[in-house]
Structures are given as C-alpha cells and as structure tokens.
Amino acid sequence: MSFLQFAFNNVKRNSRAYFAYFLSSCFMVMVFFTYALFIFHPDIDRTELGSNVQMVMGIMEYVIYIFAFLFVLYSIGIFLKARNKEFGILTILGGTRGQISRLVFVENMLIGALSIIAGMLAGLLLSKLFLTLSARMIGIEELGLYFPAKAILLTAGSFIFLFVVISAFTLFFINQSRVLELLKGSSKPKKEPRVSIWVSLFGILLLAAGYYTVDKNLAIAAATGIAGTYFFYTQITVLVFRMLKKSRRLTWKGTRLIWISEMAYKIKDNARVLFMVTVVTAICCMAVAFVMSVNLGNLRAYENNPYAIRFFLNDPSRGENDLMVIGQKLDEKGIEYQMFRTESFAAKASGRTPEVAIVPADTYLKIAKALGLDAAGSLQGDQAVLVQSDNEARNNPDWGKNSAVKLADPDLQLQIMKEIRTKLEVSPLSGTNMLVVSRPVYEKLTKQIPENKSYRINDVYIYMVPAWTNAGKPGREDQEYKLGLELQQWAYKQNSVEHSANLLDSRGGRYAMQEQGVAMMSFVGVFIASLLSVCSASFLYFKLHSELRQDQEMYTAMSKIGLQPGEMGKSSAIQIAVLFFTPIFVSAIQTLVVLNRVREGFGLDDVNQPVLIASAAFLAAQTLYFLLVSTRYIQKLKRVMV
C-alpha cells in the first residue's frame with residue numbers, strides 16, 4: 001500500500017467525521033464560485049445597477065474567503081486534536097514527524113481537492129437557476145449561460161492556495177506535541193470547570209455597558225458586547241449550572257442529575273464555539289432584520305405619500321425646461337395629471353430636532369382641494385393651523401390645539417388655533433409637520449430669513465396622477481414604477497452631469513430605487529447568512545464528534561448500573577439542544593436590544609417583527625441541523641450501551 005493510498009484510506013474510514021467539514025467546504029466553494037460566475041458575466045455591465053451589484057459581490061468574495069480561511073483552520077485544528085492518540089500510535093510504530101506531517105498534509109489536500117471539485121460542479125449545475133433568480137431579484141435583464149473560465153480559475157486557484165497554506169500551517173501544531181501527550185489524546189480526565197463570581201459580574205457589567213452605549217458609540221458598544229458575550233459562556237452560564245447542581249430538589253429528579261452535571265463541562269468546553277456561533281448569528285440576524293426593516297419602511301413611505309411627483313425648483317433658469325421635460329414624459333405615456341405650485345419654507349422649532357414646514361394659507365388651499373382635506377379657516381395675526389399625520393402626531397404629543405410653537409431663525413411664536421389630522425403625510429417637504437399661516441405672516445417671515453439660508457425657502461411643483469394609487473406595493477411592471485424610475489434616472493443625470501440644482505422626487509421611482517437596493521442586499525445576504533448558518537452548525541458538529549469517545553465511555557459505565565437507552569437519549573438530546581439553541585436565543589435578544597436602541601438614529605421602521613422573522617428562520621435551520629446531528633450522535637451512543 002502506497003503512502004497516498006494510506007492517506008486516502010484514512011479519509012475514507014473517517015468519512016463520518018469529515019462529512020460535515022466536507023459539506024461545509026463544498027458549500028463555501030459553491031457560494032464563492034456562483035458569485036464569481038455573476039461577477040465575470042459578459043452581460044453584467046449593461047446596466048448601472050448590474051455594475052453596482054458586481055462591485056458589492058466583489059467585496060463579498062473577500063468576506064467569504066476570509067471566513068473560509070478561519071473556518072477551515074478551526075475545523076482542521078479540531079480534527080487534529082481528536083486524532084492525537086492515532087498520531088501517538090503511529091509515532092510508536094516508527095512514523096517520523098515528517099511522515100505524520102506529510103500524511104496530514106495529503107489528507108487535507110485530498111479533502112480540499114474533492115471540496116473544490118464538488119463545489120464548482122454544484123455551482124455549474126445550479127448556474128442557470130442562480131443567474132435567473134439573481135437577475136429577477138435585482139431587477140435587471142435575464143442573464144444567459146456562458147462558459148465561466150475566469151470564475152473556475154479564480155475559485156480553483158483561491159481555494160487551492162487556501163488549503164495549501166492552512167495544511168502547511170497546521171503542521172506546526174503537530175510537531176509541538178510529545179508522544180505521551182499524543183497518546184493521551186482526548187482521554188485525559190476533565191478538570192472541574194473553574195469559574196469566578198467576580199469575572200461573571202465583570203461580564204454582566206460589560207453587557208450592561210454595551211446596552212447603554214449602543215446608541216452613543218457603536219464601536220465601544222460592539223467591543224463591550226462581544227467581550228461580555230464571551231464571559232457569558234465561559235463564566236456566567238457555568239456559574240448558573242453549578243448553582244443548579246447544588247439544588248438537590250431541582251437536580252435529583254429523573255435524568256436531570258446527568259445532564260445538568262454534564263452541561264457545566266459541555267458549556268465550558270464549547271464556550272469558544274458557542275461564542276463564535278452567537279456573534280455570527282447575531283450579525284446575520286441584524287443584517288437580515290435591518291434589510292427587512294428598510295424594505296418595510298420603504299413601502300410605508302410609498303403608501304403614506306399622496307404626491308406622485310414633486311419637483312423642487314432651486315434653479316429658476318432651468319425650471320421651465322425641466323418642467324416641460326416632465327410634462328412630455330407624462331404626455332408620451334398618455335397619463336392624465338394635475339400640477340400646481342406650492343410655497344413653503346423649512347423652519348426650526350424650539351424643542352424639536354426635525355424641521356417644520358411653514359405654508360401660506362393659499363398654498364394649503366390648493367393641497368386641501370387636491371387631497372380633500374378640511375379647510376384651514378380664517379387666520380388672524382400669529383395664529384396657525386397644525387396639519388400633521390397620525391404618525392407625526394405620535395412623535396409630537398405636546399403639539400395640538402391651543403398650544404404655542406416657538407420658531408427660531410426667523411423668531412416668532414405661533415399660536416395653534418386648530419389641528420387637522422391626516423392619514424397621509426401631506427406636507428410638501430417630506431418628513432415635516434405643516435404649520436399653515438396667513439399670507440402676510442408668511443411674507444414677513446420669509447423676508448427675515450438671512451441670505452445665506454435662502455435654501456430653506458422651497459418652490460415645489462406637485463403632480464397629482466389619479467391613475468396612480470399608492471394603495472399597496474407597486475409591481476415592477478406598473479407604469480408608476482417604470483416611469484418613476486426613468487424620471488429619477490433623468491433627474492440624477494441632470495444633477496450629476498449638468499450640475500442642475502433642481503430636484504425631483506418621484507414616489508414610484510424612489511420606491512423602485514430603494515427596492516432594488518434592498519433586493520441587492522438581500523441577494524447577497526441570503527447566501528452569506530446560509531453560508532454562516534451551515535458553518536455554525538458544522539462547528540458544533542465537530543466539537544460533539546471530538547467528544548464522542550468520552551461520552552461513549554461515560555454512558556457505557558452508566559448503562560452497567562442501570563441507565564436505560566431511552567434515558568440516555570433524552571439526556572444527550574437535552575445537552576445537544578442547549579448547545580444548538582442557546583446561541584440562537586442569545587443572538588435574538590441581542591439583536592432586539594441593539595436594533596431598538598439604534599432604530600431612530602438609522603431612521604428604521606418597526607424592527608421587532610423583522611428580528612423575530614429573521615430569528616425564526618435561523619431557529620428553523622438550526623432545528624433541522626439539530627435533528628440530523630442529535631439523531632446520528634445518539635445512535636452512536638446507543639451502540640455502546642450494555
């Protein structure tokens with residue numbers, strides 16, 4: 001038998017141990033390859049959005065590669081530790097360190113080569129489906145098949161280099177171990193997990209510091225939160241199980257004594273893995289929930305906007321021409337519309353960060369007629385009418401009838417004599433309350449605005465299109481969606497190329513652009529989240545497999561004194577469930593806390609529902625992994641029961 005055959009047989013005989021590692025490596029190669037397939041597609045540069053996605057995917061290739069490096073390094077380290085006894089026997093039989101190093105190197109390269117081949121084959125088989133789904137999700141023209149020579153060379157070269165470097169690097173750890181240490185392998189008796197109440201309290205303080213600083217300094221919050229999570233697993237949870245073990249009333253019942261006693265060891269031994277899985281899952285949950293919240297906010301902004309198009313006239317010399325272009329584009333499509341001009345200026349009000357829109361009564365009359373709102377009535381002196389949506393009213397509980405509003409720059413106190421509530425946000429300036437004043441007061445205020453702040457005064461032309469309703473999500477084939485996107489792109493060209501100061505806001509176009517951006521993030525995020533999810537489950541599988549021999553010895557001894565297979569299965573299932581599901585629940589809590597604290601700062605909509613949906617998706621995936629792993633693991637334990 002040749003040396004290569006010996007290495008191949010070793011891999012073949014340890015196929016169960018290597019299966020999850022091989023599968024995860026294949027999945028990483030496949031994701032990397034499919035991204036490269038998209039990046040090097042010859043038709044991807046035809047659209048501006050396609051180029052942007054290409055750039056984002058290029059960045060994600062680096063992220064995947066870095067994570068793949070860390071994953072492979074960690075996985076190989078676990079396997080080498082589990083095989084220490086095997087290496088010790090080979091050393092006694094005459095194997096030199098060089099031969100053992102060569103054996104490990106060849107085995108790693110065999111698994112790596114098989115992973116690369118299988119991953120790229122899977123990517124090729126799914127390439128048509130991937131390209132079709134990606135084009136449909138992002139909203140670009142369908143991409144056809146092509147021979148991905150560059151993608152194949154990049155993927156093969158990158159991962160061959162990765163496996164060679166890591167295989168060579170791991171040899172250093174083998175050469176540092178003595179024969180006696182190798183023979184002991186993982187059969188050395190476990191020491192009682194050491195835990196400190198003071199360190200546990202320090203971990204709690206770090207978590208509390210992360211909570212209180214998350215909306216002030218994200219870097220400090222992230223550092224303290226991650227450090228606190230590490231101490232949560234290495235100290236706090238061990239302390240909790242030790243305290244549970246001291247309670248005979250709780251512990252000495254059924255199989256609780258077995259699994260509660262073992263969990264302190266399990267948590268301590270797997271602390272690093274649980275810590276990494278929690279951090280990775282929390283990051284994925286935050287990313288998914290953030291994208292979902294942005295998407296939900298985009299839809300609500302569309303539904304709350306009654307104006308099909310708003311044109312902000314900041315450059316009067318170009319205004320007539322721009323308005324004519326907008327009218328021509330609407331006329332070409334046979335769209336009936338109404339257009340009227342509004343006047344307003346943005347003012348600061350004491351005690352409020354967002355600005356308010358000051359609108360003259362005659363302008364409000366046009367808006368009221370177009371939207372069917374209540375009349376403002378007669379205004380005398382410094383009286384004003386407050387017009388705000390239900391959503392804005394929730395943010396301003398002290399604003400209402402008979403309250404006073406102090407304006408700053410120009411300075412004036414307005415007395416609110418009437419409040420008009422609306423379901424939609426009817427202010428010409430997005431995101432503002434509207435204070436309606438008489439024309440003389442409006443003229444007086446605008447004259448007091450300094451010259452260097454004249455940009456606060458807004459002439460806004462509003463287009464009302466009866467055929468375009470904002471009830472419900474617009475489809476990509478809807479006229480408002482397509483024409484709105486066309487108008488937004490035209491306006492972007494006017495601003496960036498011809499340096500026009502005029503601005504255009506199309507309700508459908510803005511929704512379309514944000515939806516495409518969210519689709520791009522979702523497209524990238526789905527694959528990254530699934531990759532991290534698979535690898536996280538693999539981490540736990542590797543650790544369980546490395547401890548299998550110890551558990552078999554323990555349950556063999558316990559079966560001799562009467563432990564039944566069913567009791568053993570229940571005890572093992574509970575322990576594995578704690579390892580698999582604790583990171584999901586911890587990450588869900590962390591995500592809820594963080595996103596709720598930073599929601600207003602990032603302008604996010606409701607985050608609780610997206611977080612729960614994202615966490616439920618990870619929980620469902622982890623449940624599937626748990627069933628697969630626990631079933632196989634318990635079957636192996638049952639074989640040694642007497």
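Before reading further, recall that the structure is shown in the block above.
Bear in mind that the values here come from a model prediction, so they are computed numbers and not experimental data.

## A short note on the overall build of the protein
Looking only at helices and strands, one finds 22 helices and nine strands in the protein. In the protein, which comprises 642 residues, the share counted as buried stands at 48%. Relative to all contacts within the protein whose residues are 6 or more apart in sequence, the contacts with residues 24 or more apart total 83%. When the accessible surface of the protein is summed, it comes to about 31500 Å², and 62% of that surface belongs to carbon and sulfur atoms.

## What about the pairing of strand 1 (residues 309–312)?
What you see with strand 1 is no split at all: I309 and F311 on one side and R310 and F312 on the other are buried throughout. Pairing between strand 1 and strand 8 (residues 457–464): four bridges, direction antiparallel. From the neighbouring strand, R310 faces strand 8, where its bridge partner is I462. Judged from the four bridges that link them, strand 1 and strand 9 (residues 503–506) form a sheet pairing that is antiparallel. When the sheet's bridge partners are listed, F311 is paired in strand 9 with L504.

## A word on helix 15 (residues 361–371)
Considered for burial, the residues of helix 15 that qualify are T363, Y364, I367 and A368. Down the axis of helix 15, the smallest arc covering the buried residues is 140°, so these residues share one side. Those residues of helix 15 that are buried lie in contact with strand 2 (338–349), strand 3 (356–360), strand 4 (383–389), strand 6 (412–422) and strand 7 (433–437). Of the residues trailing helix 15, G372 is marked for its positive phi of about 70°.

## Re the nonpolar core
Within the largest apolar cluster, 79 residues are counted, with the highest numbers of intra-cluster contacts made by Y21, M28, Y35, F71, V72, I267 and F580. Broken down by element, the residue count for this core peaks at 13 residues, all from helix 19 (residues 507–546). When neighbours within four sequence positions are excluded, V72 is seen to be in contact with Y21, M28, L162, F163 and I166. Among the nonpolar cores identified, the runner-up in size contains 22 residues, and Y364, I367, I420 and I462 belong to it.

## What about the packing of aromatic side chains?
This structure, assessed with the given rule, holds 14 aromatic pairs. Look at Y302 and Y511: their rings are 5.4 Å apart centre to centre, the planes differ by 50°, and that puts the pair in the tilted class. Residue Y302 is located in helix 13 (residues 271–303), and its partner Y511 is located in helix 19; the two are separated by 209 residues in the primary sequence. For the pair Y302 and Y511, a shared accessibility class is recorded, and that class is buried.

## A short note on the packing of helix 10 (residues 218–246) against helix 13
Packing of helix 10 against helix 13 leaves a shortest axis separation of 9 Å and a crossing angle of 140°. Taken as axis vectors, helix 10 and helix 13 run oblique relative to one another. As helix 10 packs across helix 13, the resulting crossing turns out to be right-handed. Residues I226, T229, Y230, Y233 and T234 of helix 10 pack against A271, R272, L274, F275, T278 and V279 of helix 13. When grouped by side-chain class, the residues that make up the contact of helix 10 with helix 13 number seven nonpolar, three polar and one charged.

## Comments concerning the side chain of Q388
Here Q388 shows up in strand 4. A residue is classified by how much of its surface remains accessible, and Q388, at 1% relative accessible area, is buried. In this structure the side chain of Q388 is engaged in a polar contact, spanning 2.9 Å, whose partner is the side chain of E419.

## A short note on the environment of L504
Tracing the chain through its elements places L504 in strand 9. Judged by relative accessible area, L504 falls into the buried class, the value being 11%. With 193 residues separating them along the chain, L504 and F311 place their C-alpha atoms 4.6 Å apart. If sequence neighbours within four positions are ignored, L504 has contacts with I309, R310, F311, I326, L487, Q488, W490 and A491.

## Describing the pattern of salt bridges
Should their charged atoms come close, side chains of opposite charge can pair. Per the stated rule, a full pass over the model turns up 13 salt bridges. Note that D459 is salt-bridged to R341, the shortest N-O span being 3.2 Å. Linking D459 in strand 8 with R341 in strand 2, this pair joins segments that are 118 residues apart in sequence. Look at D459 and you get partly exposed, because its relative accessible area is 21%. The exposure class of R341 is partly exposed, given its relative accessible area of 31%.

Conventions adopted
- Residues numbered from 1 in each chain as written.
- Predicted model: local features only at pLDDT ≥ 70, side-chain atom pairs only at ≥ 80, totals over all residues.
- Heavy atoms only, no water.
- Helix = DSSP H or I, 4+ residues; strand = E, 2+ residues; numbered from the N terminus.
- Buried < 20%, exposed > 50% of the residue type's maximum accessible area, 1.4 Å probe, protein only.
- Contact = heavy atoms within 4.5 Å.
- Areas by Shrake-Rupley, 256 points an atom, 1.4 Å probe, with all protein chains shown as cover.
- Pairing = 2+ DSSP bridges.
- Arc of directions from axis to C-beta.
- Core = buried A, V, L, I, M, F, W, Y, C linked by side-chain atoms within 4.5 Å.
- Phe/Tyr/Trp six-rings, centres within 6.5 Å; stacked < 30°, edge-to-face > 60°.
- Axes fitted to C-alpha atoms, helices over the stretch in contact; angles between N-to-C directions.
- Parallel < 35°, antiparallel > 145°, perpendicular 65-115°, else oblique.
- Left-handed = near helix turned anticlockwise from the far one by under 90°.
- Nonpolar A, V, L, I, M, F, W, Y, C, P; charged D, E, K, R; others polar.
- Polar contact = N/O pair within 3.5 Å; in protein donor to acceptor, adjacent residues only side chain to side chain.
- Salt bridge = Lys/Arg side-chain N within 4 Å of Asp/Glu carboxyl O.

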